[in-house]
Amino acid sequence: MIKFVTSGESHGKCLITVLEGIPAGLTLSVEHIDQELFRRQQGYGRGGRMSIEKDTAEIVSGVRTGKTTGAPITLIINNKDWVNWKDRKLPPITMPRPGHADLAGVLKYGLKDIRDVLERASARETAARVAAGAVCRKLLKEFGLEIFGYVTEVAGITAVPSKLNQRAAINRSLLMTADKKAENAMIKEIERAKRNGDSVGGVFELKAINVPPGLGSYVSWSSRLDARLACGLMGLQAIKGVEIGLGFEAAKRFGSRVHDEIFYGKKRFYRKTNNCGGIEGGMSNGETLIIRAAMKPIATISSPLKSVDLGTKKAVKAAVERADICAVPAACVTGEAIVAFELANAFTDKFGGDCLMDVSSSYKAYIKRVRNT
Ligand code: EPS
């Protein structure tokens, strides 16, 4: 089983990830992780913080001579902005922002200053998750599994689905969407939100290819791959909905228009449709995984909403902090990392192994058996 914990605050010294359960023998370099950290920092509509930070990871344990040893891997990302914050005498924040962790956070932990909540609740933490996901991605790549995502909607502007798979165009796009016309309209909406002191959300889609059948299990609710993916993605800041395959649309149709018929050819079972998003009975079925997540607009808005002061209980306007106007592409990159983690976890559950060689022989034996079924 692979597990990880992150620690660190948005304006603290650093973010830390401790990742356990990665088999020994995996080639791992900092460049691989940094490439993903760089991707997370991109996207139209980001706030001022992204021009301060240049996220890079330091590997401080679990890797020797460029290979994992099987021991917990510790990754550190320094916050460049920390030097600007460490000696600041800041007044307490007492005006909770609707939509943020502020109010429930101070009530739950008995705190007086919202800053004690927001420092950890901030999506800055997702950098640490992307670092963990980058290692998981590297492991999955050894077996041909790849994960990629793209933005399908920003501020209600929807991209044309047929254009969305073009990976080179996605990489070039300011909003991780290959539909140029939609991208321009999305940018206009982000600009409008900026002028109005507002923020926007959106939807991103994630795909995982070359996933073998049988990851996850129907035998227990908590082993179901769809449950694990949904849990991971709902754990991402600002995510309010997750769909797999047709998702909510499936509920509207007759069964005959939903379920993917089974065919056999070239020594494998296959489907001509993929409405189930590659998961049946809580297990991967060998087709591409298709997952969508909906992100609400960023909670900090510079034309603030009504709130109540924690001390005086008088009506006030909510606090305004530096923030992004749109962070959907960053959430998409983090979503890829989350899917990588959940798949690597399900993969090592299935194929086990303390070292890559063991995982590999178990994987090959399984694929051979499945092919002969
Ligand atoms: C973020 C860093 C943060 C925010 C944002 C995400 O930096 P700062 O607070 O210094 O501007 O830009 O997080 C939020 C606004 C939030 O409320 O979660 C990052 O690195 O992605």
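To keep things clear, this report deals only with the structure shown in the data block. (Residues numbered from 1 in each chain as written. Predicted model: local features only at pLDDT ≥ 70, side-chain atom pairs only at ≥ 80, totals over all residues. Heavy atoms only, no water.)

**Digging into the overall build of the protein chain**
To be explicit about the condition: Helix numbers and strand numbers start at the N terminus; a helix is a DSSP run of H or I with at least 4 residues, a strand a run of E with at least 2. The globule rule used for comparison is 2.2 Å times the number of residues to the exponent 0.38, while the radius of gyration itself is calculated over C-alpha atoms. With a 1.4 Å probe rolled over the protein chains alone, any residue whose accessible area is under 20% of its type maximum counts as buried; one over 50% counts as exposed, and the rest are partly exposed. The contact criterion used throughout is that any non-hydrogen atoms of two residues lie within 4.5 Å.
Looking only at helices and strands, the protein chain features eleven helices and 17 strands. Scaling as 2.2 N^0.38, a compact globule of 373 residues should have a C-alpha radius of gyration of about 21 Å, and the protein chain matches this with 22 Å. Referenced to the eigenvectors of the C-alpha coordinate spread, the extents of the protein chain come out at roughly 70 × 50 × 40 Å. Sorting the 373 residues of the protein chain into buried and exposed places 50% on the buried side. For the protein chain, contacts bridging at least 24 residues in sequence account for 70% of all contacts bridging at least 6.

**Observations regarding a nonpolar patch on the surface**
Let me state the cut-off plainly: Patch construction takes residues with relative accessible area above 30% that form no salt bridge. Like charges are linked within 9 Å, and nonpolar side chains (Val, Leu, Ile, Met, Phe, Trp, Tyr) are linked within 5 Å. Here, Shrake-Rupley sampling with a 1.4 Å probe gives the accessible areas, and only protein chains in the shown set may cover a residue. A pairing counts as a salt bridge when a side-chain nitrogen of Lys or Arg comes within 4 Å of a carboxyl oxygen of Asp or Glu.
Residues Ile262, Tyr264 and Phe269 make up a contiguous nonpolar surface patch of about 350 Å² in total accessible area. Positionally, Ile262 belongs in strand S11 (residues 262-265).

**Details of the layout of surface pockets**
Taking a probe equal in size to a water molecule and rolling it over the atoms shows the remaining empty space. Formally: Detection works on a 1 Å grid of protein atoms alone, calling trapped sets that fit a 1.4 Å probe cavities and calling open sets with protein on both sides within 12 Å along at least five of seven lines pockets, with lining residues defined by an atom within 4 Å of a point. Grid points are joined across faces, edges and corners, and a volume is the space filled by probe spheres set on the points.
By volume, the largest pocket is sized at about 870 Å³. Taken together, 40 residues form the lining of the largest pocket, with His100, Ala121, Ser122, Ala123 and Arg124 sitting closest to its centre. Sorting the residues of the lining of the largest pocket by element identifies helix H2 (49-52), helix H5 (115-121), helix H6 (126-141), strand S10 (239-244) and helix H10 (328-351) as the ones contributing at least two each. Element by element, the count of residues in the lining of the largest pocket is highest for H10, at three residues. A volume near 490 Å³ is recorded for the second largest pocket.

**As for the nonpolar core**
For clarity, the threshold we go by: Think of a nonpolar core as a cluster: buried Ala, Val, Leu, Ile, Met, Phe, Trp, Tyr and Cys residues, connected wherever their side-chain atoms sit within 4.5 Å.
Judged by nonpolar contacts, the single largest core of 82 residues is most densely connected at Ile22, Phe204, Leu289, Leu343 and Phe347. With 14 residues, the top contributor of residues to this core is H10. Other than its neighbours up to four places away in sequence, Phe347 contacts Leu140, Phe143, Leu145, Pro212, Leu215, Gly352, Val359 and Tyr363. If you look at the next biggest cluster of nonpolar residues, it comprises seven residues, including Val106, Ile114, Leu118 and Leu310.

**Considering the sheet that holds S10**
Either a parallel or an antiparallel arrangement is found when strands of a sheet pair, and the pairing is made through backbone hydrogen bonds. We count it as follows: DSSP bridges decide pairing: two strands pair if at least two such bridges lie between them. Helix axes are fitted only over the stretch in contact, all axes being lines through C-alpha atoms; the angle between N-to-C directions runs from 0 to 180 degrees.
Reading across from one edge, S8-S7-S9-S15-S10 is the order of the five strands in this open sheet, with antiparallel pairing throughout. Across the chains shown, the open sheet's two edge strands, defined by having one partner strand only, are strand S8 (157-158) and S10. Sheet analysis places S10 next to strand S15 (residues 289-295), joined by five bridges and oriented antiparallel. Note on S15: the bridge partner recorded for Gly241 is Ala294. Contacts between helix H9 (residues 225-234) and the sheet are confined to strand S9 (202-209), S10 and S15, with S10 contributing the most and set at about 155° to the helix.

**A few points about the pattern of salt bridges**
For side chains bearing opposite charge, pairing can occur when the charged atoms are close. Tallying each qualifying case throughout the model produces 25 salt bridges. Salt-bridge contacts for Glu53 lead to Arg49; the nearest nitrogen and oxygen are separated by 2.8 Å. If you follow the salt bridges from partner to partner, you end up with Arg40, Arg49, Glu53, Asp55, Asp81, Arg124 and Arg322 in one network.

**Considerations on the site of the ligand**
As a reminder of what qualifies: By convention in this text, a residue qualifies as near a molecule or strand provided that one of its non-hydrogen atoms is within 4 Å of it. Polar contact is defined as a pair of N or O atoms within 3.5 Å, subject to the rule that within protein one atom must be able to donate a hydrogen and the other to accept it, and that residues adjacent in sequence are counted only when both atoms are side-chain atoms. More than half of a molecule's atoms lying within 2 Å of a cavity's or pocket's grid points is what places that molecule inside it. Residues are grouped as follows: Ala, Val, Leu, Ile, Met, Phe, Trp, Tyr, Cys and Pro are nonpolar; Asp, Glu, Lys and Arg are charged; all remaining types, including Gly, are polar.
Contacts to the ligand come from His11, Arg40, Arg46, Arg49, Met50, His100, Ser122, Ala123, Arg124, Arg322, Ala323 and Asp324. Residue Arg49 places a side-chain N or O atom 2.8 Å away from an oxygen atom belonging to the ligand. Within the side chain of Arg322, one N or O atom sits 2.6 Å away from an oxygen atom of the ligand. Protein chains shield 92% of the accessible area of the ligand, which is 470 Å² for the free molecule. Given that more than half its atoms are within 2 Å of the pocket grid, the ligand belongs to the largest pocket. Counted by class, the shell around the ligand contains three nonpolar, three polar and six charged residues.

**Let's talk about the pairing of strand S6 (residues 73-78)**
With respect to burial, S6 is a largely interior element, five of its six residues being buried. Pairing of strand S2 (residues 14-20) with S6, which is carried by six bridges, proceeds in the antiparallel orientation. When the sheet's bridge partners are listed, Leu19 is paired in S6 with Ile73. Note: strand S3 (residues 57-61) against S6, four bridges, orientation antiparallel. Each residue of the ladder has a partner; that of Ile59, found in S6, is Leu75.

**A few points about H9**
Convention followed: The arc in question is the one traced by the directions running from the helix axis out to the C-beta atoms.
For H9, the set of buried residues is Leu225, Arg228, Leu229, Gly232 and Leu233. Within H9, the buried residues cover an arc of 125° as seen down the axis, which keeps them to one side.

**Digging into empty space enclosed by the protein**
Counting across every chain of the model gives one cavity of 30 Å³ or more. Computed from the structure, the largest cavity encloses a volume of approximately 30 Å³. In this structure, the largest cavity is lined by Arg97, Pro98, Ala299, Thr300, Ile301, Pro304, Leu305, Ala318 and Ala319. Of the residues that constitute the lining of the largest cavity, the class distribution is seven nonpolar, one polar and one charged.

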